[in-house]
Amino acid sequence: MDCSLRKSGKETALWCVLACNAVRAPGAQNICHSFCFLNRHYFALPTNPGEQFFMFCALAAWLITKAGRPFEQPQECDDPNAVISNVLSELRSFGRPVDFPPSKLKAGCGEQVCYVLDCLAEEALKHTGFSWKRPAYPTEELEEEEITEDDAELTLNKLEEDVAEEESDNEENYIDLNVLKAQTYRSDMNETAKQEEILQSTTDAAEWNLEVERVLPQLKVTVRTDNKDWRIHVDQMHQHKDGIDSSLKETRGYLDKLHNEISRTLEKINSREKYINNQLEHLVQEYRSAQALLSEAKEKYQEGSGGVTERSRVLSEITEVLEKVKQETEEKGSSMTDGAPLVKIKQALTKLKQETTQMDIQIGVMEHTLLQSKLKEKSNMTRDMHATMIPEATVGAY
């Protein structure tokens, strides 16, 4: 996996699963090349919905497989709704709540996608027995401050080093005890001789003082200061305290003067306020009385406006009824003065007369036809009666 996937702390379990198991997981070679370039914000921001959705499905399938559940690796031509449904069903089987619609996962990014991947990664960690360990912090070496050493000054550390070197040389040189005793005796004798020589010194005092003045700068010893020493912090605290005290002495006078000025100004404002209140007391009383009268007038106006509103409503109802009556009266008057019904009646009578005439003609024709049929029947009967020969079958029938 790419080292860019490493994150500080347990920000999410997904990247830890990828980093720990992508190389040694069976079947991970097929999708590892797709994950090695993922950054930590890949599923948080929309960049390419199609690519992000496929990466989400492939990663979710791999995590489900790592969690111990068989899951077929999705393809780009698969139905997205079916793949999402299968992933969510597996997530519910792990006991994880799903309180969002499946359509939220089609974008391939967002809070819901990160939630699903995080839950599946945690289940994969549980199944693989992964455990978090204490982080190993690298030891940081403190950089020592470089101090320029002057040839004319000797530091305390340098003196200690010189003494340690001399002691080590003595230990290497004086190993034999007898030799050490002999040398010690000789050194004591030399020191006694030197002391006697010093007591009997004939050195000039002026030359001695000149030599002391010449060597004095080289005998100056400086102690290296450490910024982490508590003594330095205490000295700094004392310095800051002294600075604060000195600044406070200067500013306290200005603050006292400002306080006195503000107090005098407040007293003047209070006195002026009392004076104005005393001078305008009668105006305030008049204003209060005017306010009381105005409130009473407003109450009366509200009462009167309420009665007017009720009467206006009644008037509107009566007006509506009057309009209806007027409309009915106008309709009846227009129907009484209008000659259209009379014309219709005359037309109807004319039509009835025509129909009556046609009926009379038809009746006459029918009567004529009936008369013709009767005469014809009568002539047939007369002819039959005067017939000279009557058939026997007819006589037997009668």
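Up top is the structure.
No experiment lies behind these values; they were computed from the predicted model shown.

Student: Could you give an account of the packing of aromatic side chains, naming the residues involved and the relevant values?
Tutor: Taken as a whole and assessed by the stated rule, the structure comprises two aromatic pairs. Seen in terms of ring centroids, Y42 and F43 are 5.0 Å apart; in terms of plane orientation they differ by 90°. Their pairing is edge-to-face. Each member of the pair, Y42 as well as F43, carries the same accessibility label: buried. Between F100 and Y115 the ring centres are 6.3 Å apart and the planes differ by 90°, which places this aromatic pair in the edge-to-face class. On the criterion of sequence distance, the pair formed by F100 in the loop between helix 4 (80–93) and helix 5 (111–128) and Y115 in helix 5 is long-range, its members being 15 residues apart. Here the basic side chain of R69 rests over the ring of F94, its NZ or CZ set 4.7 Å away from the ring centre.

Student: Just give me the short version of the pattern of salt bridges, but keep the residues and values in it.
Tutor: In this structure the tally under the stated criterion is seven salt bridges. As a salt-bridge pair, D245 and K241 come within 3.2 Å of each other at their nearest N and O atoms. Taken together, the residues span about one helical turn, with D245 and K241 both in helix 9 (residues 230–279) at a distance of four residues. Given the relative accessible area of 49%, K241 is considered partly exposed. A salt bridge links R313 to E317, with the shortest nitrogen-to-oxygen separation between them at 2.8 Å.

Student: Lay out a nonpolar patch on the surface in plain terms, naming residues and giving numbers.
Tutor: Among the surface-exposed residues, Y275, I276, L280, L283 and V284 lie close enough to one another that they form a single nonpolar patch of about 440 Å² accessible area. Counting only elements with at least two residues in the nonpolar patch, the list comes to helix 9 and helix 10 (281–337). When you line up the elements, L280 lands in the loop between helix 9 and helix 10.

Student: Tell me about helix 5, residues and numbers included.
Tutor: With 18 residues, helix 5 ought to run about 26 Å at 1.5 Å a step, and its terminal C-alpha atoms sit 26 Å apart, in line with that. Residues Q112, V113, V116, L117, C119, L120, A121, E123, A124 and L125 constitute the buried set of helix 5. Within two residues after helix 5, G129 carries a phi angle of roughly 70°, on the positive side.

Student: Tell me what's going on with the nonpolar core, and back it up with residues and numbers.
Tutor: F43, F56, L63, L105, V116, L117 and L120 are the most contacted members of the largest nonpolar core, which has 30 residues in total. Listing elements by their share of this core, those giving two or more residues are helix 3 (49–66), helix 4 and helix 5. If you tally residues by element for this core, the top one is helix 3, at 10 residues. Apart from residues lying up to four places away in sequence, L120 is in contact with A60, L63, I64, V87, L91 and F94.

Procedures and definitions
- Residues numbered from 1 in each chain as written.
- Predicted model: local features only at pLDDT ≥ 70, side-chain atom pairs only at ≥ 80, totals over all residues.
- Heavy atoms only, no water.
- Phe/Tyr/Trp six-rings, centres within 6.5 Å; stacked < 30°, edge-to-face > 60°.
- Buried < 20%, exposed > 50% of the residue type's maximum accessible area, 1.4 Å probe, protein only.
- Helix = DSSP H or I, 4+ residues; strand = E, 2+ residues; numbered from the N terminus.
- Lys NZ or Arg CZ within 6 Å of the ring centre and 35° of its normal.
- Salt bridge = Lys/Arg side-chain N within 4 Å of Asp/Glu carboxyl O.
- Patch = residues over 30% accessible without salt bridge, like charges linked within 9 Å, V, L, I, M, F, W, Y side chains within 5 Å.
- Areas by Shrake-Rupley, 256 points an atom, 1.4 Å probe, with all protein chains shown as cover.
- Expected span 1.5 Å × (residues − 1).
- Core = buried A, V, L, I, M, F, W, Y, C linked by side-chain atoms within 4.5 Å.
- Contact = heavy atoms within 4.5 Å.

Bear in mind that shape data such as this cannot, by itself, settle questions of function.
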